[in-house]
Amino acid sequence: MRRRGFFARLSVSGMRKNGRLYVPYVFSFILSVAMYFIVCYLASGVLKGRMGGGYTMTTIMEFGRLVMMLFIAVFLFYTHSFLVRRRLSEYGLYSVLGMSRRGLSRLALWENGIVYGIGLAFGLVLGLVLTRASELFLARMTRSETPPILWPDGRVFLETALFFALVSLLLCADTIRRLVFKGARELMRQKESGEKPPKANWVIALLGFLCLGAGYGLSLQARNVLSALQSFAVAVLFVIVGTFLLFYAGSVMLCRLLKEWKSFYYRTANFISVSTMSFRMQRNAMGLASICILSTMVLVMLSSTLSMNIGIDDVIRTRYPRDIVITTEFDPAVGFDREMEEKLRTLVADHLSEEGVSAANIAQTEELALTGIWHGDGTFSLNPDDSSLSEGAFVIYVRVGEGEKRPEAGCAFAFTLEADFVTRTLTFGDMTVSLQEIPREKVTGNIASLSIVPTLHLYVREEDMPRLIQAARQVIPEEGVIPTWNYMFDLPYEEEVRRTVSQPLREMAWEMLRESYSQGRYGLAVYRGNEEREDFYALYGGLLYLGIILSLIFMSAVVLVMYYRQVTEGYEDRERYAVMRRLGMRREMIRSTVNRQLRMVFFAPIVQAGLHLAFAFPLIALLLSSFGISNRPLLALISLLAFVVFTLLYALIYRVTGNAYFRIVGRDSEDTQRF
Amino acid sequence: MADTMEKTDNTILEAKCLRRVYTSRFGAHPVTALDNVSFAVTEGEYIAIMGESGSGKTTLLNILAAIDRPTSGQVLLDGRDMTTVSEQHLADFRRERLGYVFQDFQLLDTFTLRDNIFLPLVLSEVKPETMEKRLRPIAEKLGILDVLGKYPYEVSGGQKQRAAVARALIVSPRLILADEPTGALDSHASGQLLDTFSEIHREGQTILMVTHSARAASRAGRILFIRDGRIFHQLYRGECTDEQLYQKIYDTLTLLSAGVERT
Ligand SMILES: Nc1ncnc2c1ncn2[C@@H]1O[C@H](COP(=O)(O)OP(=O)(O)OP(=O)(O)O)[C@@H](O)[C@H]1O
Ligand SMILES: [Mg+2]
């Protein structure tokens, strides 16, 4: 009978011997625990009431928690598989030496248990420290006061511990599966020799191109937010599959071509790089493709969430141009009720003077909102039972155009973001308006609203407005025709004053509407900009925060994948370099060869990620426009910036991990020197 | 052949009082693999080194090839003390002047035989056309023309060995160091390889070959016997035929195993 603690000691010594592999793994485990803990904490409801937009934020974090669960599990599985692969021969040795499968399983259990213990302990501590930092960050994003310190609920700790326990158990099961289904002999043998370098496969390459093309095509084809939303997931899937296939077939073919190119191939640095690459291309390609995908995700998340937060004040300004906005919807049968507008204006003025305050920057707009189906031929209608999200769904905002925006009678100036919208005339029942496009700068108000439905902005003549309302009522049911009057003003006072002054307004205005209209459809809303703002800040800031957290996890995945690749290859190449040194290869030649080899594979994923980002741009821009972010040049700039910064960071990671490779390769050639 | 012990102007390589002590990391028992070994190699000589397993033959060859450094003593290659040359230059020396045929071939599994043979030339940045030109006659002589495109694991041990020889020959080295080149071969294949060695020797190539086989050694012009890290005897061909030399070697080996000291 073995002494107690045998397996514990064996696993500890095994992990220490493989410290080069385990240290980074444990670090990433700690990071995952910390990140998960924080998001768990933020989703646990602690933000409600402690921060502006706390409710919105909690919803976002709950969503973020689910996303993280998925990614952390995948990430840990992926990196863990590298680890196991490196250790298979060691397990094989134990097995040959007579350890039973049960013994091996116990060993695996111990190892995963130890990583879990260390990871959880340090991760929770790190998480606790970072929760505070996260709260401060979120408070900044929502422009709210620093919330008081709050100790996380025990449930948060428990939830984190349980989640990672589950993941660790699965990891352990994976290790055992790999051990049990392989014989000892197979475990010990794991050299890549004995197989030919893979053949170039045109079918796979073609398939990869097709997938990539399909994904890119979907992105380029998206015309409006609705179609963008529908094709996003499919496009992402195509691109991922395409990337893997292309990296696989492409790199094999590249190696083939490079080998044919004699004057390139027979150069010291290229010679060694190309020939070793062509052998491990399959594994290599998978690593590179995952690096590429992860990098693309980081880039997309960061550039879009950053753009949202940079553009947020514009969004709020267009949606709520003044401190207080009173929106009144009239019955389409009545149309714009000027009398009522006057009455409401007086009501507000009276109320304000009663409160002893005065309004500034008073403004008003009349806007007819039409919701219906736009048919390709320029007609517009809505069947009462058509859903509002069906194909061709459209919202038209009609305003009275003044000054240079005043069109001819029976005409309208038009603007839309929809690329597909090409029509000269628009027909509502018995009225036809001819359209004339105007540039975007001329359009005031909400160009891209927080709506996923395509939008058209029209400017018509004063006298055409009532006619249009009547004509529209013939083809669109009442609820699709909404004459809206916005009355807005600033209150240059403390936020507290704004709140107390504006609060009773809603009730008073309702009162008046109810008195005046005994029947029909009418509506009212009073918005206080800052109140709405908080929700925006919470939504956009929360998404940025999640973007950063997920990027951190993805980045550490990139680091680990690169690092493990370098270490694995380092061990494989060690003997090769030793032979070459014996044949008279200089030390600095090894250095330059290694650098060459790194650079060759360095550019591929990042260039491809850049390409992905470029092709995803139209899709992202469309999706962002549903968040009110329609400044494309800014988005492009931010994407470019994110790409540049990411490339630098990536280069740094590659240098550091490349050094790990060089240390392994270089050190052993020193050993063979036996000085 | 200049079978003389005196140093002449044609001395390619000279070992002076070589000593090599292996100390293991934990310093338990230092092993003296070489002890006061001195000898000279004249241009055009064909020397065989014989000795029991563990007697220090590979160690000696490694030191001569500047892969390993002696604990004390000197190695002069073309009059230049290799033990004081910087590591960078050693690599160049090794690549350009020496052809080493390793005991275990040391072919790289990711290269075809052709590329394996080209490796030292690639390291010296020779043009591809020149490499191809140099390869042809050598590959032809060694009979590996039709397997050049294959990977090491796809060919027989003998073919691997011949590729390793080709890799040593292709740099037109001043000196060929071969560590048991026939070790992995059957009698027919080793006969072929030895014929090749004899042929290139006739063309003026200097060869230093470690071998266990008296048959192989009998092709050489001089035989050094090593035991426990010392050269304890050497034989000169003189006017002997291969067969006579073989008999002499055989006798020496018998004496050797009988444990009789002769110096
Ligand atoms: N790297 C090393 N570290 C410690 N001792 C070594 C090392 N290499 C060789 N030795 C020892 O030095 C002695 C000589 O070894 P060497 O390899 O030179 O023998 P050899 O004559 O080539 O034997 P063989 O005919 O079996 O190849 C042996 O006792 C060996 O154990
Ligand atoms: Mg030996």
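Before reading further, recall that the structure is shown in the block above.
Given the structure is predicted, the values throughout are model-derived calculations rather than measurements.

This brings us to the overall build of chain B. Assigned secondary structure in chain B consists of eight helices and ten strands. In summary, chain B has a C-alpha radius of gyration of 18 Å against a globular reference of 18 Å for 263 residues, a match within 12%. Within chain B, the fraction of its 263 residues that count as buried is 56%. Restricting to contacts in chain B with at least 6 residues of sequence separation, those with at least 24 account for 69%. Of the roughly 11,300 Å² of accessible surface on chain B, a fraction of 47% belongs to carbon and sulfur atoms. Distance from the positive charge centre (31 side chains) to the negative charge centre (35 side chains) of chain B: 2 Å.

Residue and element names in this part refer to chain A. Viewed as axis vectors pointing N to C, helix H8 (residues 225–260) and helix H10 (residues 268–279) meet at an angle of 145 degrees, and their least axial separation amounts to 9 Å. The hand of the H8/H10 crossing is left-handed. In this structure, H8 contributes Cys255, Leu258 and Lys259 to the contact, and H10 contributes Val274, Ser275, Met277 and Ser278. When grouped by side-chain class, the residues that make up the contact of H8 with H10 number four nonpolar, two polar and one charged.

In this assembly, 31 residues from chain B lie in contact with 35 residues from chain A. Of the roughly 3,100 Å² buried between chain B and chain A, counting both surfaces, carbon and sulfur atoms make up 57%. Ranking the residues of chain B by area buried against chain A places Thr110, Leu123 and Tyr153 of chain B at the top, with a combined share of 18%. Where chain B meets chain A, there are one salt bridge. Arginine 576 of chain A is paired through a salt bridge with aspartate 109 of chain B; the nearest N and O atoms lie 3.3 Å apart. At the boundary of chain B with chain A, the tally comes to seven residue pairs in polar contact (both at pLDDT 80 or more).

All right, on to the site of ligand 1 then. Neighbouring ligand 1 are 15 residues, the closest being Ser53, Gly54, Lys57, Thr58 and Thr59 of chain B. Chain contributions to the surroundings of ligand 1 come from chains A and B. In this structure, threonine 59 of chain B approaches ligand 1 through a side-chain N or O atom, which is 2.5 Å from an oxygen atom. For ligand 1, an oxygen atom lies 3.1 Å from a polar atom in the side chain of glutamine 103 of chain B. Here ligand 1 has 630 Å² of accessible area as a free molecule, and 66% of this is covered by the chains. At the level of elements, strand S2 (31–42) and helix H1 (57–64) of chain B are the ones that each hand at least two residues to the shell around ligand 1. The class makeup of the residues in the shell around ligand 1 is three nonpolar, eight polar and four charged.

Look at any regular strand and the pattern is simple: side chains alternate between the two faces of the sheet. Residues and elements named next belong to chain B. Most of strand S7 (residues 175–179) sits inside the fold, with five of its five residues counted as buried. Where strand S6 (residues 98–101) meets S7, four bridges bridge the pair, whose relative direction is parallel. Its bridge partner lying in S7, valine 101 is registered against alanine 178. Here S7 runs beside strand S8 (residues 206–210); their pairing, made up of five bridges, is parallel. From the neighbouring strand, aspartate 179 faces S8, where its bridge partner is valine 210. In this view, the connection linking S7 to its parallel neighbour S8 by way of helix H6 (residues 187–202) has right-handed handedness.

Further remarks concern the coordination of the magnesium ion (ligand 2). All names here are of chain B. Only Thr58 (OG1) and Gln103 (OE1) from the protein reach the magnesium ion (ligand 2) as donors, at distances of 1.9 to 2.5 Å. Residue threonine 58 is found in helix H1, and its partner glutamine 103 is found in the loop between S6 and helix H3 (113–123); the two are separated by 45 residues along the sequence. For threonine 58, a relative accessible area of 29% translates into the label partly exposed.

Residue and element names in this part refer to chain B. If you walk across this open sheet you meet the four strands as S2-S1-S4-S5, and the pairing is antiparallel. What marks the edges here is a single partner per strand, and that holds for S2 and strand S5 (80–81). Here strand S1 (residues 11–22) pairs with strand S4 (residues 72–77) via five bridges, running antiparallel. Residue pairing for S4: lysine 16 is matched across the bridge by glutamine 74. Together, S1, S2 and S4 form the strand contacts of H1, whose direction differs from that of S1 by roughly 125 degrees.

Residue and element names in this part refer to chain A. For helix H3 (residues 54–96), spanning 43 residues, the distance from its first C-alpha to its last is 59 Å, which sits close to the expected 63 Å at 1.5 Å a residue. For H3, the principal kink sits at arginine 87 and spans about 45 degrees. Of the residues flanking the end of H3, it is glycine 98, one or two places downstream, whose phi is positive at about 105 degrees.

The rules behind the values
Residue positions are given per chain, counting from 1 as you read along its sequence in written order. Lettering of chains starts at A and numbering of ligands starts at 1, both following the order in which they are written. Local features in this predicted model are restricted to residues of pLDDT 70 or higher, and side-chain atom pairs are both shown and tallied only at a pLDDT of 80 or more, whereas totals for entire chains, interfaces and linings draw on every residue. Side-chain descriptors were evaluated using all non-hydrogen atoms of the structure, hydrogens and water having been removed beforehand. Helix numbers and strand numbers start at the N terminus; a helix is a DSSP run of H or I with at least 4 residues, a strand a run of E with at least 2. Only C-alpha atoms enter the radius of gyration; for comparison, a globular chain is expected to reach 2.2 Å times N to the power 0.38, where N is the number of residues. Here's how the labels work: a residue is buried when its accessible area is under 20% of the maximum for its type, exposed when over 50%, partly exposed in between, all with a 1.4 Å probe on protein chains only. Throughout, a residue-residue contact means that at least one pair of heavy atoms, one from each residue, lies within 4.5 Å. We get accessible surface area from the Shrake-Rupley algorithm with a probe of 1.4 Å; when it comes to residues, only the shown protein chains can shield them. Residues counted as positive are Lys and Arg, residues counted as negative are Asp and Glu, and His and the chain ends are not counted. For charged residues, the charge sits on one atom: NZ in Lys, CZ in Arg, CG in Asp, CD in Glu. Orientation is described by lines fitted to C-alpha atoms, with helices fitted over the stretch in contact, and by angles between N-to-C directions that extend from 0 to 180 degrees. The handedness criterion is simple: a crossing whose near helix is rotated anticlockwise from the far helix by less than a right angle is left-handed, and one whose near helix is rotated clockwise is right-handed. In this classification, the charged set is Asp, Glu, Lys and Arg, the nonpolar set is Ala, Val, Leu, Ile, Met, Phe, Trp, Tyr, Cys and Pro, and all remaining amino acids, among them Gly, are polar. Once two parts are put together, the accessible area they lose, assessed with a 1.4 Å probe and summed over both, is termed the buried area. For salt bridges, the criterion is a side-chain nitrogen of Lys or Arg within 4 Å of an Asp or Glu carboxyl oxygen. By the criterion applied in these results, polar contacts are pairs of N or O atoms within 3.5 Å in which, for protein atoms, one can donate a hydrogen and the other can accept it, and in which residues neighboring in sequence qualify only through two side-chain atoms. Residue proximity to a molecule or strand is established when one non-hydrogen atom of the residue lies within 4 Å of it. Two strands are said to pair when DSSP picks up at least two bridges between them. If the strands point away from the viewer and the path from the first strand over the helix to the second runs clockwise, then the crossover is right-handed. Think of the donor list as every N, O and S atom within 2.8 Å of the metal, or within 3.2 Å for Na, K and Ca; water never makes the list, so a site can look incomplete. The length a helix should cover is 1.5 Å for every residue beyond the first. Think of it this way: the bend at a residue is just the angle between two axes, each fitted to seven residues, one set ending at that residue and the other starting at it.

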